[in-house]
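Residues per chain, in single letters:
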Amino acid sequence: MSQNFRLPTGGRVNRGKKISFTFDGRRMSGLEGDTLASALLANGEHLAGRSFKYHRPRGILSAGPEEPNALVGVGADEGHYSPNLRATQVELFEGLVAESQNRSPSLRYDWAGVNNLIWRFIPAGFYYKTFMWPRGAWTKFFEPRIRAMAGLGRAPRAPDATTYAQRYAHCDVLVVGAGPAGLAAALAAVQGGQRVILCDEQNELGGSLLSETDATIDGAPAARWLSETIAQLRAAGSLQILARTTAFGYFPHNMLGLVERLTDHLPGVAGQPRERLWQVRAKQVVLAAGEIERPLVFPDNDRPGIMLAGAARIYASRYGVKPGQRAVIVTAHDSAYRAALALYQAGVGIAAIADVRANPQGGWVDLARKAGLPVRAGCTITGTSGRLRVSGADLAPLAADGTVGASERVSCDLLLMSGGFTPSVHLFSQSRGKLVYDDALGAFVPGTPAEDCWVAGACRGVSLLSEVLADGFAKGASAARAAGGALVPARGFATTHAPATGGGFAGALPHGKNPASVRAFVDFQNDSTAKDIKLAISEGLRSIEHIKRYTTTGMATDQGKISNMNALGIATDVLARPIAQIGTTTFRMPYTPTTFGVFAGYARGDLFDTVRRTPVHHWAEAQGAVFEDVSLWKRARYFPLAGEDMHQAVARECRAVRAAAGIFDASTLGKIEVAGPDAAEFLNRMYVNAWSKLKPGRLRYGLLLREDGFILDDGVIGRMSDECFHVTTTTGGAARVLTMMEDYRQTEFPELKVWLTSTTEQWAVIALQGPKAREILAPFVEGADISHAAMPHMSVVECRVAGVPARLFRVSFTGELGFEINVPADYGRAVWEAIFAAGQPAGLVAYGTETMHVLRAEKGYIIVGQETDGTVTPDDAGLSWAIGKAKPDFVGKRALARAGMGEGVQRKQLVGLLTDDPQVVLEEGAQLVADPAQPPPMTMLGHVTSSYWSATLNRSMALALVKNGRARIGETLHVPMPGRVIRVTITGPVFYDAEGIKLDG
Amino acid sequence: MLLITCPFCGPRPELEFGYAGEAHVVRAQDPRDVSDSQWTEYLYQRSNVRGVHAERWRHAHGCAQFFNALRDTTTDHFVATYRIGESRPDAAVEAGR
Ligand SMILES: [Zn+2]
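All values derive from a computational prediction rather than experimental measurement.

Concerning the overall build of chain A
Check the secondary structure of chain A and you find 23 helices and 51 strands. Structurally, chain A occupies a C-alpha span of about 115 × 70 × 55 Å along its principal axes. Counting all 1001 residues of chain A, 58% fall into the buried class. In chain A, the share of contacts with a sequence separation of at least 24, taken over all contacts with a separation of at least 6, comes to 67%. Here chain A has roughly 39000 Å² of accessible surface; of this, 54% comes from carbon and sulfur atoms.

Describing the interface of chain A and chain B
Contacts between the two partners involve 29 residues from chain A and, on the opposite side, 28 residues from chain B. Buried area between chain A and chain B, summed over both chains or domains, comes out near 2400 Å², and the portion from carbon and sulfur atoms is 47%. When the buried area of chain A at its contact with chain B is split by residue, A:H253, A:R894 and A:R898 rank highest and sum to 27% of it. Counting every contact that joins chain A to chain B gives five salt bridges. B:D76 is paired through a salt bridge with A:R432; the nearest N and O atoms lie 2.6 Å apart. Across the contact surface, chain A and chain B share 19 residue pairs in polar contact (both at pLDDT 80 or more).

Regarding the sheet that holds strand β11 (residues 220-221) of chain A
All names here are of chain A. Judged by pairing direction, the sheet is antiparallel, and its three strands sit side by side in the order β11-β10-β29 without closing on themselves. In this open sheet, the two strands that pair with only one neighbour each are β11 and β29 (495-496). Pairing analysis gives two bridges linking strand β10 (residues 216-217) to β11, with the strands arranged antiparallel. Among the inter-strand pairings, I217 is bridged to a residue of β11, identified as A220.

Regarding the packing of aromatic side chains
All names here are of chain A. Scanning all chains against the criterion turns up 20 aromatic pairs over all chains. Measuring from centroid to centroid gives 6.1 Å for F473 and F493, while their planes differ by 65°, and the two rings are edge-to-face. With F473 in helix α10 (residues 465-482) and F493 in the loop between α10 and β29, the pair connects residues that are 20 residues apart, well separated along the chain. Pair check on accessibility: F473 and F493 agree, each one buried.

Here's the deal with the packing of helix α6 (residues 309-317) of chain A against helix α7 (residues 335-345) of chain A
Residues and elements named next belong to chain A. Following both chains from N to C, one finds α6 and α7 inclined at 30°, their axes separated by 8 Å at the closest point. On the basis of their axis angle, the class for α6 and α7 is roughly parallel. The interaxial crossing formed by α6 with α7 has left-handed handedness. Residues A309, A312, R313 and A316 of α6 touch α7, and the partners they reach there are A336, R338, A339, A342 and L343. Residue classes in the contact of α6 with α7 are distributed as seven nonpolar, no polar and two charged.

Focus: the sheet that holds strand β20 (residues 375-377) of chain A
Sheets are built from strands that pair by backbone hydrogen bonding, the pairs being arranged parallel or antiparallel. Residues and elements named next belong to chain A. Spatial strand order, β17-β24-β18-β19-β20: five strands in an open sheet with parallel pairing. Only two strands of the sheet have a single neighbouring strand rather than two, namely β17 (306-308) and β20. Strand-to-strand twist in this sheet, taken as the mean axis angle between neighbours without regard to direction, amounts to 20°. Here strand β19 (residues 349-355) runs beside β20; their pairing, made up of three bridges, is parallel. Residue pairing for β20: D355 is matched across the bridge by A377. Contacts from α7 reach β18 (326-331), β19, β20 and β24 (414-418), with the element oriented near 175° to β19.

Things to note about the UniProt feature "domain: SoxA A3" (unreviewed entry) in chain A
UniProt tags residues 519-601 of chain A as "domain: SoxA A3" (unreviewed entry). Note that residues 519-601 of chain A is 46% helix and 6% strand, and that its end C-alpha atoms are spaced 43 Å apart.

Here we look at the pairing of strand β43 (residues 804-810) of chain A
Residues and elements named next belong to chain A. Most of β43 sits inside the fold, with six of its seven residues counted as buried. Note that strand β42 (residues 795-801) and β43 share seven bridges and pair antiparallel. From the neighbouring strand, V796 faces β43, where its bridge partner is F809. In this antiparallel pair of consecutive strands, β42 and β43, the connection spans two residues, and A802 shows a positive phi of 55°. Bridge count for β43 against strand β44 (residues 818-824) is four bridges, and the pairing is antiparallel. Residue R810 lies in a different strand from β44, and its bridge partner there is F819.

Here we look at helix α4 (residues 180-191) of chain A
Residue and element names in this part refer to chain A. With twelve residues, α4 should reach 16 Å at 1.5 Å per residue; the first-to-last C-alpha distance of 17 Å fits that figure. Across the twelve residues that make up α4, a large majority, eleven, are buried. Residues P180, A181, G182, L183, A184, A185, A186, L187, A188, A189 and V190 constitute the buried set of α4. Buried positions along α4 lie against β8 (164-176), β9 (196-199), α5 (222-235), β12 (239-242), β15 (275-287) and α10. Just downstream of α4 lies G193, where phi reads positive at about 80°.

Remarks on the domain arrangement of chain A
Here chain A is described as being made up of domain 1 (1-161), domain 2 (164-291 + 423-496), domain 3 (295-419), domain 4 (505-577), domain 5 (635-668 + 762-858) and domain 6 (906-1000). The gap between the C-alpha centroids of domain 4 of chain A and domain 5 of chain A is 72 Å.

So, the UniProt feature "domain: Aminomethyltransferase C-terminal" (unreviewed entry) in chain A
Here, UniProt's "domain: Aminomethyltransferase C-terminal" (unreviewed entry) annotation points to residues 908-993 of chain A. Overall, residues 908-993 of chain A shows 0% helix and 52% strand. The separation of its end C-alpha atoms is 25 Å.

Some remarks on the coordination of the zinc ion
Residues and elements named next belong to chain B. Each protein donor to the zinc ion is listed here as C6 (SG), C9 (SG), H59 (ND1) and C63 (SG); together their distances run 2.0 to 2.3 Å. Given four donor atoms and angles of 105 to 117° at the metal, the environment of the zinc ion is assigned as tetrahedral. Between consecutive donors of the zinc ion, the numbers of intervening residues give the motif C-x2-C-x49-H-x3-C.

Focus: the nonpolar core
All names here are of chain A. In this structure, F21, L36, I60, Y315, V328 and L395 are the most contacted members of the largest nonpolar core, which totals 82 residues. Look past the residues within four positions of F21 in its chain and what remains in contact with it is R26, R27, M28, S29, G30, L36, A39, L40, N43, L92 and L96. Among the nonpolar cores identified, the runner-up in size contains 44 residues, and L256, L427, V522 and Y550 belong to it.

Observations regarding the pairing of strand β36 (residues 699-705) of chain A
Residues and elements named next belong to chain A. Counted residue by residue, β36 has six buried out of seven residues, so it is predominantly covered. In the sheet, β36 pairs with strand β37 (residues 711-721) via seven bridges, with the strands oriented antiparallel. Note on β37: the bridge partner recorded for R700 is I717. Connecting β36 to the next strand, β37, in antiparallel fashion are five residues, including G709 with a positive phi near 95°.

Conventions we followed
Residues numbered from 1 in each chain as written. Chains lettered and ligands numbered in written order. Predicted model: local features only at pLDDT ≥ 70, side-chain atom pairs only at ≥ 80, totals over all residues. Heavy atoms only, no water. Helix = DSSP H or I, 4+ residues; strand = E, 2+ residues; numbered from the N terminus. Buried < 20%, exposed > 50% of the residue type's maximum accessible area, 1.4 Å probe, protein only. Contact = heavy atoms within 4.5 Å. Areas by Shrake-Rupley, 256 points an atom, 1.4 Å probe, with all protein chains shown as cover. Buried area = accessible area lost by both parts, 1.4 Å probe. Salt bridge = Lys/Arg side-chain N within 4 Å of Asp/Glu carboxyl O. Polar contact = N/O pair within 3.5 Å; in protein donor to acceptor, adjacent residues only side chain to side chain. Pairing = 2+ DSSP bridges. Phe/Tyr/Trp six-rings, centres within 6.5 Å; stacked < 30°, edge-to-face > 60°. Axes fitted to C-alpha atoms, helices over the stretch in contact; angles between N-to-C directions. Parallel < 35°, antiparallel > 145°, perpendicular 65-115°, else oblique. Left-handed = near helix turned anticlockwise from the far one by under 90°. Nonpolar A, V, L, I, M, F, W, Y, C, P; charged D, E, K, R; others polar. UniProt positions renumbered as here; feature names shortened; annotations may be inferred. Expected span 1.5 Å × (residues − 1). Domains from an automatic or database assignment. Donors = N, O, S within 2.8 Å, 3.2 Å for Na, K, Ca; no water. Tetrahedral: all angles 85-135°; square planar, octahedral: opposite > 155°, others 65-115°. Core = buried A, V, L, I, M, F, W, Y, C linked by side-chain atoms within 4.5 Å.

Okay, structure coming up:
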C-alpha cells in the first residue's frame, strides 16, 4: 500500500527514509519520524480498533498520550510483544509489526459487534445489577464470557525477552515537558547555575513547537528557534536531556518516576535494555506538561474519521499527512479555525465549520472567513453517518435557548471537533497539590502546591506563545533560585504570534433527539455515554467519585484524559450545580500505562530475590539434596538415595538418627551475641526465663514473647562468660528478634550496658545427633572433655573441633544425644565433610529439615510459627515451666496477667493426636470437632498444627491446639474431611521417650 | 519514596528505614503498678492522628538507631526528627505553620 495521503512537502518526517511495517498482517510504508498513527493515516487508514464494551469500530482520535481508541499490540514475536500501546505514541521503525485488538476474527468483521446492537440492554451499572444473582453465576458463567468479549489487548504468550534498567538520579531542577514552557524553564535554570534534568515523552523535544508553522520567536521561525535552543541547552554541561521519557509518577518529597524508552525504536539493537526507570529526587520541579484537547459529546461522535481538530493539524503540519479529503469541523473553540486553515492549505476541502457559539469572533475566525471557509455560527451537530469511516455530519441550527432546528446532512470523510483544552494537571494532582476551578478558563488549574514545584505554561492555562515562553522562563528562574542558584533576571520572548484563541465547552451538545435513542460517547475507551452519566445521577449517585465508578467514566487506561471535563460538564448540567462545587476526581499514577518490566528491572530470574546459602549448601547439592525455601534461605529438605521418594528418604533418615547418628546443617539459625556488664539483666527483661543464675558454660531454652504475651520466638541461649551470651533464634525470626532487642535496648532500657551483634552468618552450625554422636565427634575435639560427666546435656564449651576454634553445644532437637558444633563459617564445610566421612562406619547419615521436623514432633518440641500463630501463650504451648516467675518484669509478663490469658479460661492448648487408623496422616490445618453430626456451623475445638508419618512409631502422629486440650487427654474427637470423618484420640504431645533417657545416649 | 532526615546521619531515602509505630507511648516503669485497662491501652490504643503525628523510625540500613519524627499524615511532610529521649519539639510544629 502506498502513502496516498502523504502531502508532497512539509512536516518533520524524513522523506529520504522509507520505512515498511505491517498492521494486522498488511504491509504498509511510512517515513522516518512517523508514529504508527501518522503512518496509518498516510495510508488512509483511520479504523484502528474496536471499542471496549460495544465493539464499535474506532479510529485515531488524537496525536498524543491521551489516545483512547487506537490501542495496538506491537511486537514481531511473543517475547517482544506489548499490548495496549497507543498508536499515537509508537515510533515507526523498519519491520514494526502491529495488530489491532479486541476484535474477532478481524477488525472489519467482528462478531462481538453484536454488543453494538443490544446496547440498550447493557447500560451503566449493568454488571452490578445483572450478574449478582444467582450466587456463583458470576464467577462460573458471566465473568469468563464478559472477559472474553470485553477488554483490551491480550497478554504476551512468552516471557519478556527484553531487559530493563533502573537508576537513581539527583538534580537541582527537574523540568517535565520540553515544549516552549519547559525549554524556557530549562534555559533559566541552567542560567541560574543549576544541575537540570529535562525530560519529554516524545522522540523530539519541542512539544507544540514541533507542529508550529506560523510563529516566529525572537525573529526566527519556531523550528529554527527550537533547534538553536536545544543546541544551546546541550552545550550547557549541567543539563541532562531525556527524550522518549515519560514522567509517570510524582511521589512524595519531590521524587519522580520516569520511564525512558531506549531501544524499542531501534530494531536490531541487541544486548541493551528496552527501557530505563529513573527515580529522580529533585530539589525543585517545574511542571510544563501542556494541555489536552477535549472532544465534543454528540450522537455517534465515535466513528473512524472523527478526530480532535488539533490532532488533525499536527498530522498535517508535523507529519505531512492529510487526514482526509473533505472535512466538517464542529467546534466551541477558536483553535479549530486554525486547524481548518492548516488543512485547507494542505488541500483538504472544508465542507463546513459549525460553531456552537452564536457569535464566534477573533483573529482565527476572521482569517477563516477571509479564506472563504464556510463558517456556520450557532450550529450544532446532531449525528453522523458511516460505518467503518464517517461519511456525513448532521448539522442543525442551535438557537440561543438551546432549541435545535432541522438538521442537514453534510457529507465528509473527516470530522474534526474541539471543545477547548484541558490543562494537564495530572502530575500536579498526583503530588497532592490542590486543583482550583478557573471559571474564565473553564478548567481546573493547579492551586497551592504540596511539593517544591512550579507549574508553567499551558498546564496552568497560559496559551499565548509569548506568555508561555515568559512563564516558563520565570518558573525556571524561580525554581533555580529556590534550589539555591543565582538570581536570573526575567526575560521576555518576542514572538510574531498567531492570534489568541478562546472559547470552550464541557458537557454534551444539545441534539434535539430522544436522549434514550442516541449514544454520545464521553469516555471512548470505556464506552460510557452521556446517557450513562445521566442515568447514574438519576439513580441517586451525586459524588463525582461515585458517578465515575458506576459508569466507569475515566477509569480506563487513559484515566479520563479527554473525558473527565465533559463528564463533569454533564453532571453539572443535570445537578444544576457549578463544576467548582462538584469537584474533580483524583489523578493517580502512572500518567500513561507503564510496563511491568521496568518496575521489575533487574529483579528477575536469579536476581528476583536474595538467596541465602549456608556454607554446607554446595556439599548438600552435590549429594543430591532436595531444597526448600525457609525465609530467604535454601535449606536441604531431605537427601534421597537413588530411587527414593521423600517419604522413603525421610523414614530412612529418621531411623538412622534414632539408631546411630545423623548430621544436620543448622547454620540458618539466627545468632545474636549479647555482650556487656548488663547482658544477663538485659536478657532477664527480654526473655521469660531467668538468666542471672545461669552459669557460664551452660545452655538454657529461651522463650521470647511480644509485649501482648504471645510467643514471638524461641531458641537455645548459651552463657559463654559472665558478660557474654550466645543467643540463637529461629531461622525466620532472626531479624525481627534483633530489631525488637535493639528497640528495647535503645528506647526502654538505655541505662543497661549491653551490646547486640548479629552473628548469624559468622557461624556454621553442624548438628550431630544420635546415640553414636559422641563417639563420632570425640576424636575431633581438642581442649575439652565431652564425656557425659564433664559435659552434660545443655552445656557449652569453647574448644577446637577438627582443628578449628568452635563453640560446642551439647543440645538436642531430636530427643537423642546431640551436639551442635559452631565453627567460623568459612571452615563449616571442611569440618562438616571431615565429620561426615569419619562417621560413615558408624552409620552416620545426613538429614534434612523434613526429618528434623518429624523427630522434633515425636518429642513434642514446638516450632514457632507452626505450633504458634501469634495467639499462643507459654502455657498454651505447655512451656510455662520456662518462665522465671520471681522476675519483676519481662516483655509480655504484664500481659500474661490480664484476664483471659490464663486461669479460668478454656484456652487452646498443645496436645498430641493419634488417629484410630494408624495409617492415616492428618492434614495440617484440619479442624477438630466433638460431634461430626452437628449441622454447620459446627463448633470447632481446635486444629492440627503438625502432622507426620513417624517411622519411629511406625504410625502417624500429630500435634494440635485444642480448646482445654490437656483436660481432654484420652477423649475422642473428629476431623471432618471431604467425603469422610477421621476419628482421633487426644494424647500428650510427647510421643517418644517421655522420660528423656535418650538425651544421654 | 520519602526522604527522611536521620538525626545521626542526615537525609536518607525511605528504603533505608523501618517504621516503628507511634512515638511517646510510655511503657510503665513497673508494669505491675498499672491496671489491666491501662495495660490494654498501652498495648493496643494508638492516636491515629490526622495531621502532625509523632512516630518512630529506625535507620535500619544505616546507623541502626531508633529515633522520633513528627510527620504530617495528610502531606507526608516531616516537621522534625529528633533523638529518643528528647521531648517532642512542638515549637517546630508551630514554626512550620
Ligand atoms: Zn542514621
